[in-house]
Amino acid sequence: MSAADATVGVVRTLPTAAPRRRVSGRLLRSELAMVFRRRRNQMALLVLAGIPVLIGIAVKLSAPSPGEGPAFLSRITDNGVFLAFASLVVVVPLFLPLAVSVVAGDAVSGEAQLGTLRYLLAVPVGRGRLLVVKYAALVAFCLTGTAVVAAVGVGLGAILFPTGSATLLSGTQVSLLAVLGRVGLVAVYLAACMAALGAIGLFVSTLTETPVAAMAATATLAIISEVLDSVPQLSAIHPYLFSHYWLQFGDLLRDPIATGGVLQGLLTAGCYVAVFGALAWARFSGKDVSS
């Protein structure tokens, strides 16, 4: 082989734009694996899965009277699918936000504390793309969390209680397949709402190199939002709180679906994602990474 041929062969093997896409995909797969393999994240999902089990056993042993306990609780004995809805009502105020806060707070600050952040930035992707990958993994965790609660609720409800056609909040009776579709819609809606909290946590995570501090700050912001939302005298600011529409998923259990509150919730979540995503990028893009 001549020197010219060898030179051409080397030039043809030089990386082009394609490796960037492969690196980005590999980075996303690596991030997803890291999120779901971490013991504390697995424990968080296990706790979420345990909520429907506790509620189902409690209702099986002692059926609640109408009006007692969380919403949908008295309906479980009539149709086990409502165990999924009752469980989601229970996990939304505390357990689900706490789990999301742990993952979001650890996103950037955890890498900084371990000293791996600067090595991640050595990969041929920009800081913005790295943030997108981390947020995508966070959204995947949000969806997994709501799906776990819903799936365990439906499965255990079918074992402990009768299933079949169900009566929605509007009084309309629908088939089992239709009500399972509503379960999926509720899980996706709540995952979108938690994605807003995840964007806040991602921003907080760029402000510190201490993951525990970022986790605690994110969880505290969620609690503050819920407390403010429970004060009637502050009703003027309620529509602007990211937690205000979390329980609006009841509108998805009507026929036809009442889209007003749900769309407002999605719009509010989208605004928080846009604002805090931009803040996270602005902070992280100019941050001096020394570890």
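Now for a quick tour of the structure. (Residues numbered from 1 in each chain as written. Predicted model: local features only at pLDDT ≥ 70, side-chain atom pairs only at ≥ 80, totals over all residues. Heavy atoms only, no water.)

## Let's talk about the overall build of the protein chain
Put simply, the test is: Helix and strand assignments come from DSSP, with helices taken as H or I runs of at least 4 residues and strands as E runs of at least 2, each series counted from the N terminus. Partly exposed residues are those whose accessible area sits between 20% and 50% of the maximum for their type, while under 20% is buried and over 50% is exposed, using a 1.4 Å probe and protein chains only. Contact definition: two residues touch when any of their heavy atoms are within 4.5 Å. Here the open area of atoms and residues is found with the Shrake-Rupley method and a 1.4 Å probe, where only the protein chains shown may cover a residue.
If you tally the helices and strands in the protein chain, you get eleven helices and two strands. Going from the N terminus to the C terminus, the protein chain shows its helices and strands as α-α-α-α-α-α-α-α-β-β-α-α-α. The buried share of the protein chain, taken over its 291 residues, is 44%. Pairs at least 24 apart in sequence give 77% of the contacts found in the protein chain among residues at least 6 apart. Only carbon and sulfur atoms are counted for the fraction: they give 67% of the accessible area of the protein chain, which is about 14000 Å².

## Notes on a nonpolar patch on the surface
What counts is decided by this rule: What goes into a patch is any residue over 30% in relative accessible area without a salt bridge, connected to like charges within 9 Å or, for nonpolar side chains (Val, Leu, Ile, Met, Phe, Trp, Tyr), within 5 Å. Think of a salt bridge as a Lys or Arg side-chain nitrogen and an Asp or Glu carboxyl oxygen that are within 4 Å of each other.
A surface patch of nonpolar side chains, amounting to about 330 Å² of accessible area, comprises Val47, Leu94, Phe95 and Leu98. Following the sequence through the fold, Leu98 ends up in helix α5 (residues 95-106). Judged by relative accessible area, Leu98 falls into the partly exposed class, the value being 44%.

## A short note on the packing of helix α9 (residues 176-205) against helix α10 (residues 211-229)
Note the threshold: A fitted line through C-alpha atoms serves as each axis, taken over the contacting stretch for helices, and the angle formed by two N-to-C directions is quoted from 0 to 180°. Each crossing gets its handedness from the near helix: less than a right angle anticlockwise from the far helix is left-handed, clockwise is right-handed. Think of it as three bins: nonpolar holds Ala, Val, Leu, Ile, Met, Phe, Trp, Tyr, Cys and Pro, charged holds Asp, Glu, Lys and Arg, and polar takes everything else, Gly as well.
With their axes 9 Å apart at the nearest point, α9 and α10 run at an angle of 140° to one another. The hand of the α9/α10 crossing is right-handed. Mapping the contact onto sequence places Leu197, Ile200, Gly201, Val204 and Ser205 in α9 and Ala214, Ala217, Thr218, Leu221 and Ala222 in α10. When its residues are assigned to classes, the contact of α9 with α10 shows seven nonpolar, three polar and no charged.

## Thoughts on the nonpolar core
The condition that has to hold: Residue types Ala, Val, Leu, Ile, Met, Phe, Trp, Tyr and Cys, when buried and joined through side-chain atoms within 4.5 Å, form a set referred to as a nonpolar core.
Grouped together as the largest cluster of nonpolar side chains are 77 residues, with contacts concentrated most on Phe72, Ile76, Phe85, Val186, Tyr189 and Phe249. For this core, the elements supplying multiple residues, two or more each, are α2 (17-37), α3 (39-61), α4 (82-91), α5, α8 (127-160), α9, α10 and α11 (259-285). When residues of this core are assigned to their parent elements, the largest contribution, 17 residues, is made by α9. Residues within four places of Phe249 in sequence aside, it is in contact with Phe72, Phe85, Leu88, Val89, Val186, Tyr189 and Leu190.

## Notes on the environment of Phe82
Assignment of secondary structure puts Phe82 in helix α4. Overall, the relative accessible area of 4% leaves Phe82 in the buried class. For the pair Phe82 and Ala166, spaced 84 residues apart in the sequence, the C-alpha separation amounts to 8.8 Å. Phe82 has contacts with Phe72, Arg75, Ile76, Ala166 and Thr167, leaving out every residue within four places of it along the chain.

## Quick notes on empty space enclosed by the protein
Just so we agree on the cut-off: Here the term cavity refers to a set of points on a 1 Å grid, laid over the protein atoms alone, in which a 1.4 Å probe fits but cannot get out; the term pocket refers to an open set having protein on both sides within 12 Å along at least five of seven lines, with lining residues being those that place an atom within 4 Å of a point. Grid points are joined across faces, edges and corners, and a volume is the space filled by probe spheres set on the points.
Applying the stated rule across the entire model yields one cavity of 30 Å³ or more. A volume near 90 Å³ is recorded for the largest cavity. Contributing to the lining of the largest cavity are Glu31, Met34, Val35, Arg38, Asn41, Val102, Val103, Asp106, Ala107, Lys134 and Leu138. At the level of elements, α2, α5 and α8 are the ones that each hand at least two residues to the lining of the largest cavity. In the lining of the largest cavity, the residues fall into six nonpolar, one polar and four charged.

## Here's the deal with α5
One full turn of an α-helix is made of 3.6 residues, so residues set three or four places apart face in the same direction. Condition: In this analysis, the expected span of each helix is defined as 1.5 Å times one less than the number of residues it contains.
Here α5 contains twelve residues, and its C-alpha end-to-end distance of 17 Å stays within 8% of the 16 Å for a straight helix at 1.5 Å per residue. When you tally the buried positions in α5, you get ten out of twelve residues, the bulk of the element. All of the buried residues in α5 are Leu96, Pro97, Ala99, Val100, Ser101, Val102, Val103, Ala104, Gly105 and Asp106.

## A short note on the side chain of Ser243
Mapped onto the elements, Ser243 comes out in the loop between α10 and α11. On the basis of relative accessibility, which here comes to 6%, the residue Ser243 falls in the buried class. Those residues within four positions of Ser243 in sequence are excluded, and the remaining contacts are Ser225, Glu226 and Asp229.

## Remarks on the pattern of salt bridges
By the definition in use, this model includes six salt bridges. Ionic pairing is found between Arg38 and Asp106, a salt bridge with its closest N-O pair at 1.8 Å. Taken together, the residues span a long stretch of sequence, with Arg38 in the loop between α2 and α3 and Asp106 in helix α5 at a distance of 68 residues. For Asp106, a relative accessible area of 7% translates into the label buried. The closest approach of N and O atoms between Asp106 and Arg40, which form a salt bridge, is 2.9 Å. Here the residue Asp106 occupies a position in helix α5, and Arg40 occupies one in helix α3, the gap between them amounting to 66 residues.

## Some thoughts on the packing of aromatic side chains
Filter applied, for reference: Two rings belonging to Phe, Tyr or Trp (six-membered ring only in the last case) form a pair when the distance between their centres is within 6.5 Å. Interplanar angles under 30 degrees mark stacking, angles over 60 mark edge-to-face geometry, and anything in between is tilted. Only when the NZ of Lys or the CZ of Arg is both within 6 Å of the ring centre and within 35 degrees of the ring normal is a charge said to sit over the ring.
As enumerated under the stated definition, the model contains nine aromatic pairs in all. For the pair Phe72 and Phe85, a centre-to-centre distance of 5.7 Å together with 45° between the ring planes defines the contact as tilted. Remark: Phe85 occurs in helix α4 and Phe72 occurs in the loop between α3 and α4; sequence separation between them is 13 residues. Here the two residues Phe72 and Phe85 agree in accessibility, since each one is buried. Cluster of aromatic residues (ring-pair linked, three or more members): Phe203, Phe242, Trp246, Tyr272 and Phe276. In this structure, Arg127 is placed above the aromatic ring of Phe284, and the distance from its NZ or CZ to the ring centre is 5.6 Å.

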